[in-house]
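Structural description and commentary
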Amino acid sequence: MASTACFVIVSKNDIPIYEAEVGSAPKKEDLSYHHQFILHAALDVVQDLAWTTNAMFLKSVDRFNDLVVSVYVSMTHTRFMLLHDSRSEDGIKSFFQEVHELYIKIFLNPLYLPGSRIASSHFDTKVRALARKYL
């Protein structure tokens, strides 16, 4: 069964700093724009929810057809957003927690400018491996 998953890290200024299509479904250029649009539309819902709860993992915050948007918000209000069609909530939470650890390592790098695009191939490889493991 092919799964759809699009993962985006959005800075506190609503700028995407990392994007990856991590699902096993065939990649199509139109769908990646469609996925970005759905995730961007969910940012307003995430903004409202982030201020009403102390939880970092906001679970599913929005739906579009059979796709679900799950979000993890860091203490610095960086949003980890996943558009998916799977139902494994525990796997998604574990994925977010491990990607958050990777993000902290990037963030602590003295050569990384906070809020700038993450262009590390090592980070990309690790995120894709975590997606295969948990999603």
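Below: a short report on this structure. Treat the numbers as computed from the prediction; the structure is a model and nothing was measured.

The description of an aromatic ring pair uses the distance of the two centres, along with the angle that the planes make with each other. Scanning the entire structure with this criterion turns up 11 aromatic pairs. Consider the rings of Tyr72 and Phe80, whose centres lie 5.9 Å apart with planes at 70 degrees: the pair is edge-to-face. The same class applies to Tyr72 as to Phe80, namely buried. By the ring-pair criterion, three or more aromatic residues cluster together here, those being Phe7, Tyr18, Phe57, Tyr72, Phe80, Phe95, Phe96, Tyr103, Phe107 and Phe123.

Let us look at helix H3 (residues 89–107). Helix length check: H3 (19 residues) gives 26 Å between terminal C-alpha atoms against 27 Å at 1.5 Å per residue, within 8%. Of the residues making up H3, those classed as buried are Gly91, Ile92, Phe95, Phe96, Val99, His100, Leu102, Tyr103 and Ile106. Where H3 is buried, its residues contact strand E1 (5–10), strand E2 (16–21), strand E3 (57–64), strand E4 (67–73), strand E5 (79–84) and helix H4 (121–134).

Here we come to the pattern of salt bridges. Applying the stated criterion across every chain yields a total of 4 salt bridges. Between Arg79 and Asp14 there is a salt bridge whose closest N-O contact spans 2.6 Å. Placement of Arg79 in strand E5 and of Asp14 in the loop between E1 and E2 is noted, with a sequence separation of 65 residues between them. With relative accessibility at 4%, the residue Arg79 sits in the buried group. Residue Glu89 is joined to Lys59 by a salt bridge in which the shortest nitrogen-to-oxygen separation is 3.7 Å. With Glu89 in helix H3 and Lys59 in strand E3, the pair connects residues that are 30 residues apart, well separated along the chain. With a relative accessible area of 42%, Glu89 lands in the partly exposed category.

The next point concerns the pairing of E5. Looking along a regular strand, one sees side chains alternate from face to face of the sheet. Among the 6 residues of E5, 6 are classified as buried, and the element is accordingly described as predominantly covered. On E5, burial covers both faces: Arg79, Met81 and Leu83 on one face and Phe80, Leu82 and His84 on the other are all buried. Note: E1 against E5, 6 bridges, orientation antiparallel. Looking at the pairing, Val8 lines up with Met81 of E5. The pairing of E4 with E5 spans 6 bridges and is antiparallel. Looking at the pairing, Val71 lines up with Met81 of E5.

Turning next to the environment of Asn54. Inspection of the secondary structure puts Asn54 in the loop between helix H2 (43–50) and E3. A relative accessible area of 79% means that Asn54 is categorised as exposed. Taking the C-alpha atoms as reference points, Asn54 and His77, separated by 23 residues in sequence, lie 12 Å from one another.

Another point: the sheet that holds E4. Reading across from one edge, E2-E1-E5-E4-E3 is the order of the 5 strands in this open sheet, with antiparallel pairing throughout. Both outer strands of the open sheet, E2 and E3, are each paired with one neighbouring strand and no more. Averaged over all pairs of adjacent strands, the angle between their axes in this sheet comes to 15 degrees, without regard to strand direction. Of the strands in this sheet, E1, E3, E4 and E5 are in contact with H2, which crosses E3 at around 150 degrees.

Calculation notes
Sequence order as written defines the numbering, with residues in each chain counted from 1. Local features in a predicted model are, by the rule used here, given only for residues with pLDDT of at least 70; side-chain atom pairs are given and counted only at 80 or more, and totals for whole chains, interfaces and linings are based on all residues. Hydrogens and water molecules were not included; the side-chain quantities draw on all heavy atoms of the structure. In summary, the pairing rule links any two rings of Phe, Tyr or Trp, Trp by its six-membered ring, whose centres are within 6.5 Å, and it sorts them by plane angle into stacked for under 30 degrees, edge-to-face for over 60 and tilted for everything else. Each residue gets one of three labels from its accessible area relative to the maximum for its type: buried under 20%, exposed over 50%, partly exposed in between, using a 1.4 Å probe on protein chains only. Here a strand is any run of E in DSSP of at least two residues, a helix any run of H or I of at least four, and the numbering for each starts at the N terminus. For a helix, the expected span equals 1.5 Å multiplied by the residue count minus one. In what follows, a contact means two residues having at least one pair of non-hydrogen atoms within 4.5 Å. Note on definitions: salt bridges are taken to be side-chain nitrogens of Lys or Arg within 4 Å of carboxyl oxygens of Asp or Glu. Strands pair, by our definition, only if DSSP identifies at least two bridges between them. Fitting a line to C-alpha atoms yields each axis, with helices limited to the stretch in contact; the angle taken between N-to-C directions then spans 0 to 180 degrees.

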